[in-house]
There are 4 protein chains.
Amino acid sequence: MVYLASDNTSPVHPNILKALTTSTDHQKSYGYDDASAAAQALFARIFETDRLTFYPVFTGSAANSLALAALCRGSEGFVCHELSHVNQDECGMPELFSGAKAITIVNGRDKFTADELEQRIVYAINRGIHHVRPRAISITQCTELGTVYSLEEIHAITRIAKHYQLYVHMDGARFTNALVHLGCSAAAMTHLAGVDILSFGGTKNGGMFTEAVVVFEPTLQQSLPYLHKHVGQLASKQRYLSLQWHAFFAEDLWLHNARHANAMARLLAETLATLEHIDIIYPVQANEIFVRMSRERADYLHGCGHIFYDWGIVGADVYRFVTNYCTTAEEIQLFLKDVYNLSFG
Amino acid sequence: MVYLASDNTSPVHPNILKALTTSTDHQKSYGYDDASAAAQALFARIFETDRLTFYPVFTGSAANSLALAALCRGSEGFVCHELSHVNQDECGMPELFSGAKAITIVNGRDKFTADELEQRIVYAINRGIHHVRPRAISITQCTELGTVYSLEEIHAITRIAKHYQLYVHMDGARFTNALVHLGCSAAAMTHLAGVDILSFGGTKNGGMFTEAVVVFEPTLQQSLPYLHKHVGQLASKQRYLSLQWHAFFAEDLWLHNARHANAMARLLAETLATLEHIDIIYPVQANEIFVRMSRERADYLHGCGHIFYDWGIVGADVYRFVTNYCTTAEEIQLFLKDVYNLSFG
Amino acid sequence: MVYLASDNTSPVHPNILKALTTSTDHQKSYGYDDASAAAQALFARIFETDRLTFYPVFTGSAANSLALAALCRGSEGFVCHELSHVNQDECGMPELFSGAKAITIVNGRDKFTADELEQRIVYAINRGIHHVRPRAISITQCTELGTVYSLEEIHAITRIAKHYQLYVHMDGARFTNALVHLGCSAAAMTHLAGVDILSFGGTKNGGMFTEAVVVFEPTLQQSLPYLHKHVGQLASKQRYLSLQWHAFFAEDLWLHNARHANAMARLLAETLATLEHIDIIYPVQANEIFVRMSRERADYLHGCGHIFYDWGIVGADVYRFVTNYCTTAEEIQLFLKDVYNLSFG
Amino acid sequence: MVYLASDNTSPVHPNILKALTTSTDHQKSYGYDDASAAAQALFARIFETDRLTFYPVFTGSAANSLALAALCRGSEGFVCHELSHVNQDECGMPELFSGAKAITIVNGRDKFTADELEQRIVYAINRGIHHVRPRAISITQCTELGTVYSLEEIHAITRIAKHYQLYVHMDGARFTNALVHLGCSAAAMTHLAGVDILSFGGTKNGGMFTEAVVVFEPTLQQSLPYLHKHVGQLASKQRYLSLQWHAFFAEDLWLHNARHANAMARLLAETLATLEHIDIIYPVQANEIFVRMSRERADYLHGCGHIFYDWGIVGADVYRFVTNYCTTAEEIQLFLKDVYNLSFG
């Protein structure tokens, strides 16, 4: 039985658990503790800028929703891909926190282009007050289909956003998986590329409640502390969130974990690509593989005890395999053994 | 330097940290894990009923706000004490999550009576559609001023609530401190007393993110899972919230911690009560002491390095001392030594 | 210059203006006036049921948004057509008033079928708490593309809705245009067909602020009066809204106006249908005609002073002509004269 | 039977009804009509500034709520008097439209002073993120107790607001009654006194749906058109709102009506002041009189058929008499005749 359902089914990395045990004295609450101050310094180092502020939060959906709340409000909208997590998977949380409405780009693909974005913005603006006023865009890196926007693609998108005076949010639930794929710096993929605010996810990469909103745009700093509390994401004992980031960044754990997960996905994909009866339908650039195969084959694999989801939203007979930081090469082989049976049986 | 600022400045109890390390395998996310199932069983045992459901959340404010969201919505209101946490301290989170408005009882005291409640409800109803429609009441146990509603007082209040078909929420941020004071069962202080939904707080009592919404009223069960996600309080790795409750309930840690905190408050209060220049202004029934003393005296104690807050909302020259599960008798003596200087200096 | 932009560019019918002058004494405010009581009786007669309640409101968008607020709330959703007014044209008002999220059916057509509805509902339910919980559906009669759901289509849709315990809302901004097309009773098209709540629009049909929410489902009656006020749609001098309905229903003005508007659309469509360079792209069943023609032709007609909109949302080179209660046959001929030039020029 | 219940029980002034009949052609919808352009010019003239924009809305509560939505949002608050209409009488509409929370000043009087305002602001700021962030203040002119802030009082309040960078909203449901009492210009009582946004009410002064938000602060102009639609207050046939203002301003109807109403209140108050058993408890400066008298006396007057409300919110045995533009001196005498019976009977 191999777990390929989601990277959030993995246990917390021991280093992160260990970090939690290191704070044993009284500390001021609500973020005025030593660990949070140290984490702020770590973020500044990782992102190579003193102008950021980090706000630890509990979940990735909450990070996205808080970030969007900082960018837009009632009567306004955030442009996003139809399949984005903020539109599909958060049970209306972005709308609750912000009051704004999702303005979706529907294109049947994994990403949107700068041109598609501009068309959507122009359409919205032309509709005037009947349509919510676009105020922000949200891109997902990695995308919901396991692919990664290149730096060029991001720059092209943020250029359009700036032209129309829209803020740019990046949903980085799998930020590090994308980062190690691109091989660039965290700065290059974010503020240097025009990103104003980032949802930085660590939970799927070995963390516990290792999520943060990272604010690059200084004009957002005034409202964020209040919004952080307002939406229920400010911990009284914040140090226990901040400590997770200490461990995450120590000894490049974050990079190591993401590289491993990506490598396991590549390992799996390489073999799948040779099989006739399974089609990989998006480039495998991070730790997710989307395949098309018959329901009978999927049923067989489920029958073997393997855990993975169908992904009907992008078409019939589509399934998703997700690797994570503790997936082993042995597990991949174990899974592939059953896949072989399937294909050649 | 003694920390009497708040019980949330304390570190997490080692047993709770240890519990986090016990889950090392893959587990289904979003509450479908083994630890969450076991925690549900623990709650059923503690509250002596199978009809409850527990929803672990991250903060006490979020527990309150989620609970109120389950009870009321836009155009409706929840009746609460003017000084209640839901009205004063949560930066509009209850209103955000629920859409409802706080209907406050202003009486200059720590609690409200059943009579005051009824008057407020009747006034609201008589105002008709100009006033939000009362749908729920919220009581705080312990109150914001460190006192505890007796079972008789709770029954009298919930009787009025039921008469007007209002739901009853209990804000139990310091639930256990109240419970050990009353010496009754958790069932007696909640569902047997007419409470429909409870915010059960453990964070202030030695936990990390040890907060839960406990639902007794079965008709609320349908919307709660969605609301839990909607407001950003559903953890993907929920097991790491549930495990905290395992440790909290094991070997009566919750009761032991609360008894200790209350005992430390009594110890401190007993001496303070003998002093001329410090007045204890509310009965000390749990782990909080509210005193009136001159600003000069407070400044002196602050100057000694002791950490505590002024509590101007209930009057000039009022200060709060809070003990917690790891306050020691030595710390109390240390603090009292400076207090003696103060009084007799 | 002929106005075919929208039916809301027309002036108010003289009978409705005259009705406003008939109330000259003091009257109780907020709906407790004689004219509102009389209007309630009129609605009961028109819809052949005493079990309805009517709530006059100011705009059609507000009628829809208030109705949806009565049906669903935060964490929930209302299923609607992608092109529906509630999703496209109300600047987020349904979401604001209700807290709910639009669950859209995207099918590239004017209507959705019972099958499409069921698929969308089942998908939503299967997504569990990640997706908002479907609670209501909204159908538009006439549709946004000028077509009319048959009674059979409505029944099939409401059957699915009831099966999944969803409320049914009908957006009847052009209710009467649909009604006279079907030739059935108002009861048959609404509560007898499973509609729980109706936005009944009169403004586009000769009214001023002649809009109402009509509630058929008795369990909704308790919250509606409060919601009516809460969302800003309760007039202190409500009689001046109710009086508009008196005139609207007197001497069948509503039916006469809609029949005339529909007839003018047919008159225009009959000729357009014979032309080579203009394609009518949806059946003309009420008072709207959607055509495809080249931008040059549209520019020419605009250059002649005619007023109509492009309708890019359903495709390139699509334009909409709307007739209304005071469109004359002479105006149609005037417009057609320029259209002839265009086609054969 | 004399109507002293509220100024909104009066019928619409004939001039306003007549104005509605003057627009008989097709006009662009949603505010792009000739009457709205003309109304904008009228407002500029009345307020002696070209920098304002006016947004006609349907009700006074909606005007307030829209104005506050322009000033603040979720996590923020607006400071207002405990008894203000925005806090007491609008069923949560300000909170719905804005997302913000009312920050109330409780002082047992009709007005608040600049000092009380500053104390409340400082308290809020000192509470940090636990308290909503103050962003605006709202003053009511006339107050809810029929008194009028002097220009000096307004200036003192707005000076504090500006010092703390808060916007200033004026709830002018009875704007004109205050204006004629002060005898100053509309400009002097608003933008020249530091008011950023005004709810200008005409409905109580002879109008039908004669309410407007008037924006003086230019930075608010960008979001207002969207918010106007978003909250359901943009009329498709806006001309029929704008035309009411034409009549209202023509021949100084607004001033004449308010002067008359105020004069009738003075007439009534002069006699009441001479009576032993009725106490006028606030200065009569506009068209409202608040008295204290025994319940028996109130019952007697109600028994005579007179219509007025008790006003229990400010104390036992308090009643309110409101005159309006069509109250006659004969009605006052008729009422007084019964009052005489009462006092001397």
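Residues numbered from 1 in each chain as written. Chains lettered and ligands numbered in written order. Predicted model: local features only at pLDDT ≥ 70, side-chain atom pairs only at ≥ 80, totals over all residues. Heavy atoms only, no water.

Turning our eyes to something else, we now look at the relation of the copies chain A and chain B. For these two chains of identical sequence, chain A goes onto chain B by a turn of 180° and a shift of 0.0 Å along the axis, with RMSD 0.0 Å. With respect to symmetry, the two chain copies, as superposed, fit the operation of a two-fold axis. (Least-squares fit on C-alpha atoms with pLDDT ≥ 70 in both.)

Below, the discussion takes up the side chain of Arg133 of chain D. Within the element layout of this structure, Arg133 of chain D appears in strand E4 (residues 133–140). On the accessibility criterion, Arg133 of chain D (12% relative accessible area) is buried. Sequence-distant contacts of Arg133 of chain D, defined by excluding residues within four places in its chain, comprise Gln222, Ser223 and Tyr226 of chain A together with Ser75, Glu76 and Gly77 of chain D. (Helix = DSSP H or I, 4+ residues; strand = E, 2+ residues; numbered from the N terminus. Buried < 20%, exposed > 50% of the residue type's maximum accessible area, 1.4 Å probe, protein only. Contact = heavy atoms within 4.5 Å.)

Bringing the side chain of Lys101 of chain D into the picture now. Along the chain, Lys101 of chain D falls in strand E3 (residues 101–105). In this structure Lys101 of chain D comes out as buried when scored by relative accessible area, which is 13%. When residues no more than four places from it in sequence are discounted, the contact partners of Lys101 of chain D are Val86, Asn87, Gly92, Glu95 and Ala102 of chain B together with Glu76, Gly77, Phe78 and Val132 of chain D.

Contact residues are listed per partner, giving 48 residues for chain A and 48 residues for chain B. At the junction of chain A with chain B, the criterion picks out 0 salt bridges. Summed over the shared surface of chain A and chain B, the number is 24 residue pairs in polar contact (both at pLDDT 80 or more). Breaking the side of chain A that touches chain B down by element, the ones donating at least two residues are helix H1 (14–20), helix H3 (60–71), helix H5 (93–98), helix H10 (224–230) and helix H11 (239–249) of chain A. In terms of residue class, the side of chain A that touches chain B is made up of 21 nonpolar, 20 polar and 7 charged. (Salt bridge = Lys/Arg side-chain N within 4 Å of Asp/Glu carboxyl O. Polar contact = N/O pair within 3.5 Å; in protein donor to acceptor, adjacent residues only side chain to side chain. Nonpolar A, V, L, I, M, F, W, Y, C, P; charged D, E, K, R; others polar.)

Let's shift gears to the pairing of strand E7 (residues 211–215) of chain B. Residue and element names in this part refer to chain B. Where burial is concerned, most of E7 is hidden: 5 out of the 5 residues are buried. Side chains of E7 alternate between two faces, with Glu211, Val213 and Val215 and Ala212 and Val214 buried alike. Across 5 bridges, strand E1 (residues 53–57) lies against E7 in antiparallel orientation. For Val57, the partnering residue across the bridge sits in E7 and is Glu211. With 5 bridges connecting them, strand E6 (residues 197–201) and E7 associate as antiparallel partners. Looking at the pairing, Phe200 lines up with Ala212 of E7. (Pairing = 2+ DSSP bridges.)

All chains considered together, the criterion is met by 102 aromatic pairs over all chains. With a centroid separation of 5.3 Å and an interplanar angle of 80°, the aromatic rings of Phe209 of chain C and Phe58 of chain D are classed as edge-to-face. Of this pair, Phe209 of chain C sits in the loop between strand E6 (197–201) and strand E7 (211–215) while Phe58 of chain D sits in the loop between strand E1 (53–57) and helix H3 (60–71), on two different chains. With a relative accessible area of 1%, Phe209 of chain C lands in the buried category. Residue Phe58 of chain D is classed as buried on the basis of its relative accessible area of 2%. Here a set of aromatic residues connected by ring pairs shows up, and it is made of Phe43, Phe47, Phe54, Phe175, Phe200, Phe216, Trp245, Phe248, Phe249 and Trp254 of chain A. A cation sits over an aromatic face here: Lys111 of chain A above Tyr149 of chain A, 5.5 Å from the ring centre. (Phe/Tyr/Trp six-rings, centres within 6.5 Å; stacked < 30°, edge-to-face > 60°. Lys NZ or Arg CZ within 6 Å of the ring centre and 35° of its normal.)

Residue and element names in this part refer to chain A. Applying the stated rule across the entire model yields 44 salt bridges over all chains. Its salt-bridge partner being Glu288, residue Arg174 comes within 3.4 Å of it at the nearest N-O pair. On the criterion of sequence distance, the pair formed by Arg174 in the loop between strand E5 (167–172) and helix H8 (175–182) and Glu288 in strand E9 (residues 288–292) is long-range, its members being 114 residues apart. The residues Arg174 and Glu288 share a single accessibility class, namely buried. Connected through salt bridges with shared partners, the residues Asp7, Arg174, Glu288 and Arg320 form a single ionic network.

For sheets, the rule is that strands pair by backbone hydrogen bonds, running either parallel or antiparallel. All names here are of chain A. Pairing within the open sheet is mixed, and its 7 strands lie in the order E1-E7-E6-E5-E4-E2-E3. The open sheet is flanked by strand E1 (53–57) and strand E3 (101–105), the only strands paired with a single partner. For this sheet, the mean inter-axis angle between neighbouring strands, taken without regard to orientation, is 25°. Bridging between strand E4 (residues 133–140) and E5 involves 5 bridges; their strand directions are parallel. Bridge pairing in E5 links Ser138 to His169. Against the sheet, helix H6 (residues 114–126) touches strand E2 (76–81), E3 and E4, its axis set at about 130° to E3. (Axes fitted to C-alpha atoms, helices over the stretch in contact; angles between N-to-C directions.)

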